[in-house]
Structures are given as structure tokens and as C-alpha cells.
Amino acid sequence: MDEKIVDARKLIADMPNITVLTGAGISAESGIPTFRGEDGLWKNFRPEDIATPQAFLNDPRLVWDWYEWRRKIIREAKPNAGHFALVELQKQLSNFTLITQNIDGLHQIAGSTSIIELHGNLWQVRCTKCGFTEQNYEVPLRELPPNCRQCKSIARPNVVWFGEIIPMCIIDKCLIAIESCQIMLIIGTSGVVEPAASMGLIAKQTGKTVIEINLDVTPSSGMYDISIRGKSGEILPLICQINKDYN
Ligand code: OAD
């Protein structure tokens with residue numbers, strides 16, 4: 001077994017307080033496109049056209065068409081071995097928090113709990129006027145764009161768009177989770193979108209051990225204690241089974 005994987009596994013076995021940050025890479029093996037890289041969504045779509053408040057004001061139908069398309073892809077997707085490994089890891093630990101930038105809900109389907117969704121959730125719609133928010137799993141949506149069940153105004157996906165602020169209470173929860181962990185695992189994120197991009201740095205500066213799993217090198221790889229190159233669906237099952245003999 002790769003030396004880095006053995007080292008990561010030993011560290012995780014020794015330190016039961018873990019905070020995890022995931023990005024689109026963990027869902028790539030479930031068939032959900034990532035944002036950057038060769039086949040990334042941002043190669044074919046401009047974020048300013050479909051993932052900003054202005055874009056929604058200009059053309060809500062266009063924005064909803066894009067989310068409807070993503071809802072179809074994500075609805076077909078199933079959690080992969082990486083998601084399930086984190087569920088197993090959580091069962092073995094006394095203190096575990098999962099911060100995700102993903103809006104696909106696959107961590108929940110896999111069985112993870114204690115999840116902080118930094119960028120919202122694709123399966124929730126929120127009224128642009130009264131703020132009423134509800135789960136909506138319809139694929140396809142009955143109305144496009146959907147209207148609020150309470151006040152009939154137009155509803156939007158309950159996600160965070162570029163140019164929007166993540167609620168402070170969510171940021172606070174992330175900081176508390178980073179502060180209270182011993183190890184931070186950073187999985188499948190390019191580390192270029194704030195505030196997630198700085199979370200590894202915050203962990204390092206507060207004395208935590210940081211382990212990264214990513215197919216590629218990221219701008220922060222050099223700063224972390226261990227940076228493992230590979231697919232999270234293959235690496236996570238190896239490093240998360242901490243109660244099994246690793247010799
Ligand atoms: P990105 O698409 O920017 O990065 C995905 C990362 O996952 C890359 O570093 C890949 O190398 C890595 N990767 C791909 N497949 C992998 C695999 N099987 N195993 C491990 N790593 C793999 O996605 P995020 O970093 O999540 O925000 O993007 C952050 C935010 O930017 C998203 O939440 C979204 C986007 O714009 C908003 O829409 C607000």
C-alpha cells in the first residue's frame with residue numbers, strides 16, 4: 001500500500017476528532033460533472049449567466065433550465081465508495097463533522113449525518129419573496145420556474161450563487177468544527193472558491209493535521225501534511241477503515 005495512505009490511516013486511527021471538507025471531486029465517480037478541469041461544467045457554461053442573482057433576475061427560466069438539467073443528472077446518481085467510506089468513518093469516531101460544498105445531497109443518501117452544506121442544496125427551493133423553503137424532489141419539475149406554495153411568488157434553487165454571502169451561522173459552524181478537530185480531511189476540491197478555499201489554511205494555522213485527497217495537485221497541496229493523489233472512491237475506503245489491521 002502507498003506509504004502516504006498508510007500514514008494517513010495511522011493518523012486517523014490515533015486521532016478521533018475529524019472534520020472533513022468535500023468538493024465536487026467526491027461525486028465525480030458517481031457520474032456528476034465537476035466544475036473545473038477538462039470536462040468541468042465551467043468549460044461549457046459561464047457562471048455569470050446561470051449562477052448569479054443577476055442571471056436569475058435577467059432570465060429565471062434559463063437559470064432553472066440549467067438546474068433542472070443538473071437535477072436530472074443528480075437524481076440518477078448514487079453515492080460511491082468515497083461517500084460510504086465517510087459514513088463508516090463517522091461511526092468509528094467520537095467527533096466528526098462533514099462540511100461539503102456539494103449541493104447534490106449524496107452524503108445524506110449515503111448515510112452521513114452532521115453535515116454542513118456550505119453552498120446549499122439542489123433539492124430545496126426557496127421563495128424569492130417570503131423566503132419559504134421546502135424540499136422538492138420532482139424531476140422534472142411540475143412548474144418551471146416553480147412558484148412558492150405560500151405566496152405564489154417565483155422560487156429559486158436554495159443554493160449559494162456567486163456574489164452571494166454564505167450565512168454567518170454556517171461559517172461559524174465550520175470554524176467551530178475546524179477548531180475542535182485534530183485532523184482535517186480535504187477531499188476532491190480544487191480549493192479556489194472561498195470561503196472553503198481557506199479552510200485548510202485555517203486548520204493548519206490552528207495546529208491541525210491536514211490530509212488532502214485529490215486526483216490532481218491543488219494550489220494548497222504543498223501546505224498540507226499529507227497530500228494523496230488518486231480517486232477518493234479508491235483512497236477513502238483504504239484510509240477510513242481504521243479498525244482494520246493495516247500492516
Ligand atoms: P472543482 O470542479 O473546482 O474541483 C474538483 C476537484 O476534484 C479538482 O481538484 C479535481 O482534481 C478533483 N477530482 C476530480 N475527480 C476526483 C476524484 N474521483 N477523486 C478525488 N478528486 C477528484 O469543484 P469544487 O472545488 O467543489 O460553487 O468547486 C467549488 C465550488 O466552485 C463549487 O461548489 C461551485 C463551483 O463554482 C458554486 O456554484 C457557488
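Here, the structure is the one placed above.
Residues numbered from 1 in each chain as written. Predicted model: local features only at pLDDT ≥ 70, side-chain atom pairs only at ≥ 80, totals over all residues. Heavy atoms only, no water.

Draft legend 1. Layout of the overall build of the chain. Summing up its helical and strand segments, the chain has eleven helices and nine strands in all. Compactness check: the chain gives a C-alpha radius of gyration of 18 Å against a globular reference of 18 Å for 247 residues, within 12% of the reference. Taken along the three principal axes of its C-alpha coordinates, the chain extends 60 × 30 × 30 Å. Residues counted as buried form 51% of the 247 residues belonging to the chain. (Helix = DSSP H or I, 4+ residues; strand = E, 2+ residues; numbered from the N terminus. Rg over C-alpha atoms; globule rule 2.2 N^0.38 Å. Buried < 20%, exposed > 50% of the residue type's maximum accessible area, 1.4 Å probe, protein only.)

Draft legend 2. Geometry of the sheet that holds strand E6 (residues 155-159). The strand order across the open sheet built from three strands is E5-E4-E6, with neighbouring strands paired in antiparallel fashion. Edge positions in the sheet fall to strand E5 (133-135) and E6, since each has one partner strand and no second. Shown here is a sheet whose adjacent strand axes are inclined to one another by a mean of 40°, direction ignored. Relative to E6, strand E4 (residues 120-127) runs antiparallel, the two being bridged by five bridges. Bridge pairing links Gly 120 to Val 159 in E6. (Pairing = 2+ DSSP bridges. Axes fitted to C-alpha atoms, helices over the stretch in contact; angles between N-to-C directions.)

Draft legend 3. How the structure looks around unusual backbone geometry. Between Val 139 and Pro 140 the backbone carries a cis peptide bond, its omega angle lying at -5°. Summarising the element assignment, Pro 140 is placed in the loop between E5 and E6. Cis geometry is adopted by the peptide bond preceding Pro 195, which originates at Glu 194 and carries an omega value of 5°. One non-glycine residue with positive phi stands out, namely Ser 114, at about 55°.

Draft legend 4. Local environment of the pairing of strand E2 (residues 95-100). For E2, the tally of buried residues reaches five of six residues, placing the bulk of the element in the interior. The pairing of strand E1 (residues 17-22) with E2 spans six bridges and is parallel. Note on E2: the bridge partner recorded for Val 20 is Leu 98. Bridge analysis of E2 against strand E3 (residues 115-117) gives three bridges, and the strand direction is parallel. When the bridges of E3 are listed, Ile 99 appears paired with Ile 116.

Draft legend 5. Representation of helix H1 (residues 3-14). Counted at 1.5 Å a residue, the expected span for H1 with its twelve residues is 16 Å, and the 17 Å between its end C-alpha atoms agrees. When we look at burial in H1, the residues that qualify are Ile 5, Val 6, Ala 8, Arg 9 and Ile 12. Viewed end-on, H1 has its buried residues packed into an arc of 165°, placing them on one side of the element. For H1, exposure combined with an orientation more than 90 degrees from the buried face picks out Glu 3 and Asp 14. Those residues of H1 that are buried lie in contact with E1, helix H7 (81-92), strand E7 (183-187), strand E8 (209-214), strand E9 (226-229) and helix H11 (232-240). (Expected span 1.5 Å × (residues − 1). Arc of directions from axis to C-beta. Contact = heavy atoms within 4.5 Å.)

Draft legend 6. Focus on the nonpolar core. In terms of nonpolar packing, the biggest core is built from 24 residues, with Leu 86, Leu 89, Leu 185, Leu 236 and Ile 239 touching the most fellow members. When residues of this core are traced back to their parent elements, those giving at least two are H1, E1, H7, E2, E7, E8, E9 and H11. Ranked by the residues each element gives to this core, the list is headed by H11, at four residues. Beyond its immediate stretch of four places on either side in the chain, Leu 236 contacts Ile 26, Gly 82, Ala 85, Leu 86, Leu 185, Ile 187 and Ile 213. Of all hydrophobic cores here, the second largest spans 22 residues; its members include Trp 42, Ala 55, Ile 103 and Leu 106. (Core = buried A, V, L, I, M, F, W, Y, C linked by side-chain atoms within 4.5 Å.)

Draft legend 7. Region of interest: the packing of aromatic side chains. This model, assessed by the stated rule, comprises nine aromatic pairs. Ring pairs connect the aromatic residues Phe 35, Trp 42, Phe 45, Phe 56, Trp 66, Tyr 67, Trp 69, Trp 161 and Phe 162, which therefore count as one cluster. In this structure, Arg 156 is placed above the aromatic ring of Trp 161, and the distance from its NZ or CZ to the ring centre is 3.8 Å. (Phe/Tyr/Trp six-rings, centres within 6.5 Å; stacked < 30°, edge-to-face > 60°. Lys NZ or Arg CZ within 6 Å of the ring centre and 35° of its normal.)

Function cannot be read off these values alone, since they describe shape.
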